[in-house]
Amino acid sequence: QIGHVQVGTVPEIKLTLEKPRFDASLVYLTRKFMDLVKTAPDGVLDLNEVATRLGVRKRRVYDITNVLDGINLIEKRSKNLIQWVVNLSRWQVLTYQ
């Protein structure tokens, strides 16, 4: 019956996720973001395009860029543009050891 649960039973709840959990993790998204930075002309990225290419909401992209901005690895050029400001070859040594 609708609205009634027998004592001692747990109602079944099904959640449907569009992507596996790892695919939406910040670690995974940051790695994908870095792949985009490496191929961007002059290290400049449009955050709208990043969100589209990563298949996430812009809020998730902001989560990444806010951290990178806070540790001075990127600079905001305008509302939707950022630029990588660190030598990528040195950064690769630091991140992939």
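Residues numbered from 1 in each chain as written. Predicted model: local features only at pLDDT ≥ 70, side-chain atom pairs only at ≥ 80, totals over all residues. Heavy atoms only, no water.

Regarding the protein chain, the relevant UniProt record gives this comment under Subcellular location (unreviewed entry): "Nucleus". (UniProt positions renumbered as here; feature names shortened; annotations may be inferred.)

Undergrad: Just to check I follow, could you spell out the sheet that holds strand β3 (residues 81-84) for this structure?
TA: Within a sheet, each strand pairs with its neighbour through backbone hydrogen bonds, oriented either parallel or antiparallel. Strand order across the open sheet formed by 3 strands is β1-β3-β2, with antiparallel pairing between neighbours. Edge positions in the sheet fall to β1 (44-46) and β2 (74-76), since each has one partner strand and no second. The average undirected angle you get between the axes of adjacent strands in this sheet is 25 degrees. Sheet topology places β1 next to β3; 3 bridges connect them, and they run antiparallel. Across the sheet, the residue bridging to valine 44 is glutamine 83, located in β3. (Pairing = 2+ DSSP bridges. Helix = DSSP H or I, 4+ residues; strand = E, 2+ residues; numbered from the N terminus. Axes fitted to C-alpha atoms, helices over the stretch in contact; angles between N-to-C directions.)

Undergrad: What am I meant to see in the nonpolar core here?
TA: Considering soluble globular proteins, one finds that nonpolar side chains tend to be buried as a cluster. Formed by 19 residues in total, the largest nonpolar core has its most connected members in Phe33, Leu45, Val50, Leu68 and Trp84. Sort the elements by how many residues they give to this core and helix α1 (residues 26-39) lands first, with 5 residues. Ignoring sequence-local partners within four residues, the contact set of leucine 68 consists of Phe33, Leu73, Ile74 and Trp84. (Core = buried A, V, L, I, M, F, W, Y, C linked by side-chain atoms within 4.5 Å. Buried < 20%, exposed > 50% of the residue type's maximum accessible area, 1.4 Å probe, protein only. Contact = heavy atoms within 4.5 Å.)

Undergrad: How do you make sense of helix α3 (residues 58-70) when you look at a structure like this?
TA: The terminal C-alpha atoms of α3, which comprises 13 residues, lie 18 Å apart, in line with the 18 Å expected from a rise of 1.5 Å per residue. Of all the residues in α3, the buried ones are Val61, Ile64, Thr65 and Leu68. Angularly, the buried residues of α3 cover 90 degrees about the axis, an arc narrow enough to put them on a single face. Opposite the packed face of α3, turned more than 90 degrees from it, sit the exposed residues Val67 and Gly70. Against the buried residues of α3 lie α1, α2 (47-54), β2 and β3. Once α3 ends, the next one or two residues include asparagine 72, with phi positive near 60 degrees. (Expected span 1.5 Å × (residues − 1). Arc of directions from axis to C-beta.)

Undergrad: What am I meant to see in the side chain of threonine 65 here?
TA: Position of threonine 65 relative to the elements: it lies in helix α3. Contact partners of threonine 65, with chain neighbours within four places excluded, come to Phe33, Leu47 and Ile74.

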